[in-house]
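Residue-level listing of the chains:
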Amino acid sequence: MRRFILHRLGVLVPTLIFVSMMIFALQQLLPGDPALALAGEERDPQVIQFLRARYHLDQPLPVRYAYWIGGVLHGDLGESIRIQRPVAELVLEKLPVTGELTVMAMIIALTIGIPAGIVAAVKRGTAWDVAANAVALWGLSTPNFWLGILMILLFSVHLGWLPASGYVSPFESLWGNLSTLIMPAFVLGNAIAAVIMRHTRSAMLQVMRSDYVRTARAKGLSERVVILKHGLRNALGPVITLGALEFGQLLSGAVLTEQVFTIPGFGKLVVDAVFNRDYAVVQGVVLCTASFYILLNLAADLLYAAINPRLRA
Amino acid sequence: MTDAIVPVRAETDPRIRELKRFLWRLGRRKTTIVGGVFVALFLALAIFAPLISPYDPIAGNWATVRKAPSAAHWLGTDELGRDMLARIIWGARASLSAGCVSVGLALALGVPMGLAAGYAGGWIEATLMRLTDAMLAIPFLILAIALATFLGPSLTNAMMAIGISATPVFVRLTRGQVIAAKVEDYVEAARALGNPPLRIAVRHILPNVLPPILVQATLTIAAAIIAEASLSFLGLGQQPPQPSWGSMLNVAKGFLNQAPWMALSPGAAIFVVVLAFNMLGDGLRDALDPRD
């Protein structure tokens, strides 16, 4: 287990270095003078001079990277040109909103995906299996921003049951918080539910064919115990790993969902930054997302190793 | 006598037998056929848009602003009086070209990188795989948004951003396939005959690892179409007044009360074409890998 952890940490460091290099290199894609591009519509020579000094734009590329990564390691992700506030502060401010949305979406995805996957596997080849697969294909093919628009059309415009946009903090009103987040969370969790359903089905099919399941049945255990205790417990490993990988998709999806439902989270921050050409914010958000995703993958691998005795040895 | 031998030869040729078996397995699933038909239909719409489109997709008409679906405008009109059906037909061009071009770019970059990593091994593999891990660490759409932001908003840049973001999947897949293939007897035989490494990789290994890559390419086209629509929805893809399904949905969002039909057809078009590619990809995968 210790060797496994050390190996994973050994891979993590170069990956993080490459990620930081790639995100820093994004700035090089800007056409022309980076200082002019970073200044956006601001053409004040003093501002341009300030930006040149702030980002060491007159220095060679490796030196600029060293300054940038040094700042990042000290928690300095740069400053938003539009809002005039540190990017790290903005990210920390928006993170809880997106965090709540993605966790809710994941709960919805697991609640739909795992039972649907079990039913599809246990009742393989029946109408249940066909229906679950059809729903999964529907989930994978529906663009979440369109599903969001359709849900607003039905539940907000026609029925008037739920608010079409906005966000209410849970500390302000729990009901208000739920009513603003339930639609976006469902929209976000929908596609992930389809992926989780497919993987649960596949893992369950494999597990249900194994010898220990046959032994459990031969012992006279009820089918329910065989499926849930012997089947599902062993099939959950790959689903956990996949769940962590899908968190990345949730963060991607959150960008669009937050835009559709006007939720002031991480996604809205990056989209506003895109329109304002606030490049430091875009870089900061991408860096935080990638770092979070890498750490989540590490956590999933360690969790998988912890529940899988073959990897623990 | 010769005439009698030829068909026997053709039937016992393992490649022809394999192809026949593949086509039989492909045709066995109705969903694959339906997916293939819809993909062909949308490709035809995109190619023959100038001939099929009932109206100009760009020219506005103040007399027909936000008209509900009717005999004259089957899918209604938008906020500038443009025919929705015409814009859906022309939008197929942006979506399908984004899907195909970006996946073509991802294949052009990813397959040689995967081939080099899998076949050469050593520091080449280590470097390429760490780079791939780094790219995979950034969620697909976030990376595409970041690239499109810095490259500037346009359909071409969106296609480049999607293509680059989709590359690591092909690097990983090709490398895995190559590692498995390079210990096969036919590779050993090619090496024993004195073939140079590049020739072995390109002429002997590549053709044998292509099927799973093509399946992945079909499924990635579906993802790329959604990615293009997402970027256009955010204003980073096709620029107005050129039609794109994603940007049409972005505009429709502002008129949900007055003109709900504006939101229905572009989303339905994305859904159907993505579903068709997914069905085709699933069918191809099952036909190539009958174990499941």
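What counts as what
- Residues numbered from 1 in each chain as written.
- Chains lettered and ligands numbered in written order.
- Predicted model: local features only at pLDDT ≥ 70, side-chain atom pairs only at ≥ 80, totals over all residues.
- Heavy atoms only, no water.
- Core = buried A, V, L, I, M, F, W, Y, C linked by side-chain atoms within 4.5 Å.
- Buried < 20%, exposed > 50% of the residue type's maximum accessible area, 1.4 Å probe, protein only.
- Helix = DSSP H or I, 4+ residues; strand = E, 2+ residues; numbered from the N terminus.
- Contact = heavy atoms within 4.5 Å.
- Axes fitted to C-alpha atoms, helices over the stretch in contact; angles between N-to-C directions.
- Left-handed = near helix turned anticlockwise from the far one by under 90°.
- Lys, Arg positive; Asp, Glu negative; His and termini not counted.
- Salt bridge = Lys/Arg side-chain N within 4 Å of Asp/Glu carboxyl O.
- Polar contact = N/O pair within 3.5 Å; in protein donor to acceptor, adjacent residues only side chain to side chain.
- Buried area = accessible area lost by both parts, 1.4 Å probe.
- Nonpolar A, V, L, I, M, F, W, Y, C, P; charged D, E, K, R; others polar.
- Patch = residues over 30% accessible without salt bridge, like charges linked within 9 Å, V, L, I, M, F, W, Y side chains within 5 Å.
- Areas by Shrake-Rupley, 256 points an atom, 1.4 Å probe, with all protein chains shown as cover.
- pLDDT = per-residue confidence, 0-100.
- Expected span 1.5 Å × (residues − 1).

1. Structural notes on the nonpolar core
Residue and element names in this part refer to chain B.
Part 1 of the reasoning: If you look at the biggest cluster of nonpolar residues, it comprises 159 residues, and the most contacted ones within it are Ile-138, Ile-205 and Trp-245.
Part 2 of the reasoning: In terms of residues, this core owes the most to one element, helix α10 (residues 197–233), which gives 16 residues.
Part 3 of the reasoning: Among residues more than four places away in sequence, those in contact with Trp-245 are Phe-42, Arg-87, Ile-88, Gly-91, Ala-92, Ser-95, Pro-266, Ala-269, Ile-270 and Val-273.

2. A few points about the packing of helix α5 (residues 84–120) of chain B against helix α8 (residues 155–181) of chain B
Part 1 of the reasoning: For the pair α5 of chain B and α8 of chain B, interaxial distance at closest approach is 5 Å and the crossing angle is 35°. Pair α5 of chain B / α8 of chain B crosses with right-handed handedness.

3. Some thoughts on the side chain of Asp-83 of chain B
Residue and element names in this part refer to chain B.
Part 1 of the reasoning: On the secondary structure map, Asp-83 appears in the loop between α4 (49–52) and α5.
Part 2 of the reasoning: Buried charge without a salt bridge: Asp-83, with Arg-87 as the nearest opposite-charge side chain at an N-O distance of 9.2 Å.
Part 3 of the reasoning: From its side chain, Asp-83 meets the backbone nitrogen of Ala-86 in a polar contact 2.9 Å long.
Part 4 of the reasoning: Residue contacts for Asp-83: discarding those within four places in its chain leaves Pro-54, Tyr-55, Ala-72, His-73, Gly-76 and Thr-77.

4. Some thoughts on the pattern of salt bridges
All names here are of chain B.
Part 1 of the reasoning: Inspection of the entire model under this criterion finds 16 salt bridges over all chains.
Part 2 of the reasoning: The salt bridge partner of Glu-79 is Arg-82, with a shortest N-O separation of 3.8 Å.
Part 3 of the reasoning: Overlapping salt bridges bring together Asp-78, Glu-79, Arg-82 and Arg-87 as one network.

5. With respect to unusual backbone geometry
Part 1 of the reasoning: Residue Pro-241 of chain B follows Pro-240 of chain B across a cis peptide bond; omega there is 10°.
Part 2 of the reasoning: Assignment of secondary structure puts Pro-241 of chain B in the loop between α10 and α11 (245–252).
Part 3 of the reasoning: Phi at Gln-84 of chain A takes a positive value of approximately 60°, unusual for a residue other than glycine.
Part 4 of the reasoning: For Thr-262 of chain A, which is not glycine, the phi torsion reads 50° and is therefore positive.
Part 5 of the reasoning: When you line up the elements, Thr-262 of chain A lands in the loop between α10 (223–261) and α11 (266–275).
Part 6 of the reasoning: Note on Thr-262 of chain A: relative accessible area 37%, which makes it partly exposed.

6. Description of the interface of chain B and chain A
Part 1 of the reasoning: Counting residues at the interface gives 46 residues for chain B, matched by 46 residues for chain A.
Part 2 of the reasoning: Approximately 4000 Å² of surface area, both sides summed, lies buried where chain B meets chain A, with 80% of it carried by carbon and sulfur atoms.
Part 3 of the reasoning: As a salt-bridge pair, Arg-198 of chain A and Asp-282 of chain B come within 2.7 Å of each other at their nearest N and O atoms.
Part 4 of the reasoning: There are 3 residue pairs in polar contact (both at pLDDT 80 or more) connecting chain B and chain A.
Part 5 of the reasoning: Listing elements by their share of the side of chain B that touches chain A, those giving two or more residues are α6 (122–137), α7 (140–151), α10 and α12 (261–288) of chain B.
Part 6 of the reasoning: Sort the elements by how many residues they give to the side of chain B that touches chain A and α12 of chain B lands first, with 12 residues.
Part 7 of the reasoning: Residue composition of the side of chain B that touches chain A, by class: 33 nonpolar, 7 polar and 6 charged.

7. Thoughts on a nonpolar patch on the surface
Part 1 of the reasoning: On the surface, a cluster of nonpolar side chains totalling about 500 Å² of accessible area is made up of Leu-43, Ile-47, Phe-48, Leu-51 and Ile-52 of chain B.
Part 2 of the reasoning: Its place among the elements puts Leu-51 of chain B in helix α4.

8. With respect to the confidence of the model for chain B
Part 1 of the reasoning: Looking at chain B, pLDDT values average 88 and 95% of them are 70 or higher.
Part 2 of the reasoning: In the model output, the complex is listed with pTM 0.86 alongside ipTM 0.85.

9. Considering α7 of chain B
In an α-helix there are 3.6 residues to a turn, and that puts residues three or four apart on one side.
All names here are of chain B.
Part 1 of the reasoning: Its 12 residues give α7 an end-to-end C-alpha distance of 16 Å, which sits within 8% of 16 Å, the value for a rise of 1.5 Å per residue.
Part 2 of the reasoning: With 10 of its 12 residues buried, α7 lies for the most part within the structure.
Part 3 of the reasoning: Where α7 is concerned, the buried positions are Leu-141, Ile-142, Leu-143, Ala-144, Ile-145, Ala-146, Leu-147, Ala-148, Thr-149 and Phe-150.
Part 4 of the reasoning: At the exit of α7 stands Gly-152, carrying a positive phi of roughly 105°.

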